[in-house]
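The chain contents come next:
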Amino acid sequence: MIQFSGTGLRYRQGTQALRGVNLDIEAGSLHFLTGPSGAGKSTFLRLLYFALRPTSGKLTIFGEDTNKISRVEIARLRRRIGVVFQDFQLLDHMTVFDNVALPLIVAGRREHEYRANVLEMLEWVKLSHKVDAKPPFLSGGEKQRVGIARAMVSVPDLILADEPTGSVDPEMGERIMALFREMHRLGNTVIIATHDLEMVRRSGAPVLRIEDGTVARYGPGGRASLPPPPGAIAEGATR
Amino acid sequence: MSKPLPLPRDWTSTWLSLFVASAMGFLASLGVVVSVGADRLADSWTSELAARATVIVPAPSGQERVTPEQLAAVVEVITRTPGVAGARALSQAEMAALVSPWLGDDEGVIGDLPLPHLIDVVMTGEDPRTEARLRQALSEAAPLAELDAHGRWIDRLRPASEQVRQLAFTALGLVGLASALVVALACSAGLSAQIAVVDVLKLIGAQDRYISRIFTRRFRWLVLIGSGIGVALAVLMLMGARIFGMETAGTVESVAPLLPTLEPTPLLLGLLALVPILFALIATLAARISVRWTLRRREG
Ligand SMILES: Nc1ncnc2c1ncn2[C@@H]1O[C@H](COP(=O)(O)OP(=O)(O)O)[C@@H](O)[C@H]1O
Ligand SMILES: [Mg+2]
C-alpha cells in the first residue's frame, strides 16, 4: 500500500530530514513510528498525507506516485486517510460536533447520515458532554481527542497519528490505543508516531524507527529483533 | 450539496466588500443614467432637427416687407410638397422672442427692422428626398426663399453626441473593471485572514472547487447586497435632484428639451436592476479566480 524507494526529503531551509528510505508498508498493518525528537517522524507522516512531496527518490501511496499526482487526486486520496495532527488542526469557529464531522461534510454527506457516527466517536473519546463546545474552550487533551475522533469518524483506509497520546493521561491513552487497535482489526492500515516506548512495548506491534534520516523496521514485537537498547530509543538520548 | 460550511466571522472583509460594492454600484448607476441620457439626448437632438427645417423668406428687392399674401403662398407651396407634415410662419411675437437676446424686448425696434420671415417646417420623417423636393418647389415658386435643412447642425451634433455616448460607456466599463479588481482584492484579503481554515479543509480532503464555492458564495452575496444598496441610493438621489430642478429654476424649462430626461422608463429601470446582478456575477468570477490562485500559490 505504501512504498518508499530511495525516498528523501530536504526542507527548503536545508534540513535533510529523511534520506534514502526504502520501505514497504502493507495494507492492514499497524506500525509504531519512533525516534528521538527531531528525528523526522512528523516529516515521514507529512509525506504520507501529501503535505510534502519527496525531494528525491519515489513514494507510492495507494498505487499513486506522489511525484506525479494531481491536486484533484490528492484531495480524493486524502479522504481515504485520517490524520491525527500533532497540533490538532481544529476549526475554532465550529463546534466539536462539526469538527469531528468535517471529513464527512467535506465529502458531501448529510447530517442525518453521519449524526449517529459522530456521536459514537465522541462517546469513545469521552467528549459527549462537549458536543456543542468550540475548540478555544477545550483543554489540550480534549482537543487531541477531538482530533482523534475526526481522524477516525470516516473509518479511513489509512490512519496516521502524530503523537496521539501526547496530551492525555495514561487511562485515556489506553482508550485511544484500543480505538487504533479496533481500526486495525477492521482491516485498516495504522501508523502511530510516538515516543511512549512503554506503550510500544506493551502493544507488541512492529516498529519503524527513524534515526539519522533513515527508517528501519523492527518487530513484530519479538525480542529477537527488538530491543534497540532502551537508552538509544529514549527521547533525545542519541543526540 | 450537504449543509454549507460556515466561515468564521470576518468583519474587515465583510464591511470592506459591502462598502466597496455599494460605492461601485452607486457609480455604475450614475454611469447607466448618463449613458441612457446621452443616448436619448443624441437621439432627440438629431431626430428633432432632422424632422424639421426652416425656410427663410427675405423681403423681395424694392419692397419693405413680405406681404402676408406672399408669405401664405410660400407656406402653401411648402405644405403641398410630399413628405411635409405641416408648415407655419412664425408670428411677429415669436420672431421678437428669437431676437430678444440680441435686441432686447422692445417690440417697436423689432417692428421697424427689415427682418426676414421664418417658416417652421415639420416633415413626416427623416427622408432626404423631402429636402430635395422642398428645394425644387421653392426655387420655382419663391426663388428668394432659402431652405435651412438643419443638416449641417446634425452633421456636427452626431459626432459630438457619439462622443458623449462613448465617454459614458467607457466610464461604465472602468467602473466595472475597478469593481472586479477591488472585489478580487477583498476576497483574497478575506482568504488570507482565513488561511488556517483553508489549510485544515485541504488536509481533510476538500477539493479546490469546494473551498472556492464557500468563499465565492459569501462574496457573491455581499456584493449583491452592497451594490443593491448603491443603486437604490443613486436612484433616490436622482429622483431628489429631478424634483428639485423642476420646482425651482424657471430657466430649466427653456433648456428642458435639450437635457436628458430622467423619466424612469422600463429600459432605465431594467438597466439599473441589472447592475447588482452584473456585479454579483463579476464578484463570483473575481472571487473564484482569486481563491484558485491563492490555493495554488499556497502549495506550489
Ligand atoms: N517546516 C520545516 N522546515 C524546515 N525544517 C523542518 C520543518 N519541519 C521540521 N523540520 C526539521 O526536520 C527535522 C525533522 O523534524 P520532524 O519531522 O518534525 O521531527 P519529529 O516529528 O520526529 O520530532 C528536524 O530537524 C526539524 O528541525
Ligand atoms: Mg513531530
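Further up the page is the structure itself.
Per-chain numbering applies: the sequence of each chain, read as written, is numbered from 1 onward. To read the labels, note that chains go from A and ligands from 1, taken in the order they are written. Local features in this predicted model are restricted to residues of pLDDT 70 or higher, and side-chain atom pairs are both shown and tallied only at a pLDDT of 80 or more, whereas totals for entire chains, interfaces and linings draw on every residue. Side-chain metrics in this entry use all non-hydrogen atoms of the structure; hydrogen atoms and water are not considered.

**Topic: the interface of chain B and chain A**
So, step 1. Taken together, the contacts link 21 residues of chain B with 24 residues of chain A.
So, step 2. Two N or O atoms count as a polar contact when they lie within 3.5 Å, although within protein this holds only if one can serve as hydrogen donor and the other as acceptor, and sequence-adjacent residues are included solely when both atoms are side-chain atoms. One can count four residue pairs in polar contact (both at pLDDT 80 or more) joining chain B with chain A.
So, step 3. At the level of elements, helix H7 (195-204), helix H8 (208-247) and helix H10 (266-298) of chain B are the ones that each hand at least two residues to the side of chain B that touches chain A.
So, step 4. Side-chain classes follow a simple rule in which Ala, Val, Leu, Ile, Met, Phe, Trp, Tyr, Cys and Pro form the nonpolar group, Asp, Glu, Lys and Arg form the charged group, and the remainder, Gly included, forms the polar group. Class assignment for the residues of the side of chain B that touches chain A results in 13 nonpolar, three polar and five charged. Contact definition: two residues touch when any of their heavy atoms are within 4.5 Å. Numbering of helices and strands runs from the N terminus; a helix is a DSSP stretch of H or I covering at least four residues, while a strand is a stretch of E covering at least two.

**Thoughts on the coordination of the magnesium ion (ligand 2)**
So, step 1. Taken together, the protein ligands of the magnesium ion (ligand 2) are Ser42 of chain A (OG) and Gln86 of chain A (OE1), with distances of 2.0 to 2.5 Å. One end of the pair, Ser42 of chain A, is in helix H1 (residues 41-48); the other, Gln86 of chain A, is in the loop between strand S6 (81-84) and helix H3 (96-106), and 44 residues separate them in sequence. Coordination here is defined by N, O and S atoms within 2.8 Å of the metal (3.2 Å for Na, K and Ca), and since water is not considered, a site can look incomplete.

**Notes on the site of ligand 1**
All names here are of chain A.
So, step 1. In the vicinity of ligand 1 lie 13 residues, with Gly38, Gly40, Lys41, Ser42 and Thr43 positioned nearest.
So, step 2. The contact in question runs from a nitrogen atom of ligand 1 to an N or O atom on the side chain of Tyr11, over 3.4 Å.
So, step 3. Gly38 is positioned such that a nitrogen or oxygen atom in its backbone is 2.7 Å from an oxygen atom of ligand 1.
So, step 4. Here ligand 1 has 550 Å² of accessible area as a free molecule, and 66% of this is covered by the chains.
So, step 5. Ranked by the residues each element gives to the shell around ligand 1, the list is headed by H1, at four residues.
So, step 6. Residue composition of the shell around ligand 1, by class: four nonpolar, seven polar and two charged. Residues are classed as near a molecule or strand on a simple rule: at least one heavy atom within 4 Å of it. Surface accessibility follows the Shrake-Rupley procedure with a 1.4 Å probe radius. Residue values consider only the protein chains on display as shielding.

**Structural notes on the sheet that holds strand S4 (residues 56-61) of chain A**
What links the strands of a sheet is backbone hydrogen bonding, and the strands pair in either a parallel or an antiparallel sense.
All names here are of chain A.
So, step 1. A pair of strands is considered paired only if DSSP assigns at least 2 bridges between the two. If you walk across this open sheet you meet the four strands as S2-S1-S4-S5, and the pairing is antiparallel. Either end of the sheet is taken by a strand with one partner, and the two such strands are strand S2 (16-25) and strand S5 (64-65).
So, step 2. Pairing geometry for S4 and S5, over two bridges, is antiparallel. Counterpart to Ile61 in the pairing with S5 is Glu64.

**A word on the packing of H3 of chain A against helix H5 (residues 140-152) of chain A**
All names here are of chain A.
So, step 1. H5 packs onto H3 with a crossing angle of 35 degrees between their chain directions and a minimal axis gap of 7 Å. As for the relative orientation of H3 and H5, their crossing is right-handed in sense. Residues Val96, Asn99, Val100, Leu102 and Pro103 of H3 form the contact with H5, whose own contacting residues are Val146, Ala149 and Arg150.
So, step 2. Class assignment for the residues of the contact of H3 with H5 results in six nonpolar, one polar and one charged. Helix axes are fitted to C-alpha atoms over the stretch in contact, other axes to C-alpha atoms as well, and angles between N-to-C directions run from 0 to 180 degrees. Helix crossings get a hand from a simple test, with the near helix turned counterclockwise from the far one by less than a right angle marking a left-handed crossing and a clockwise turn marking a right-handed one.

These figures capture arrangement, not role.
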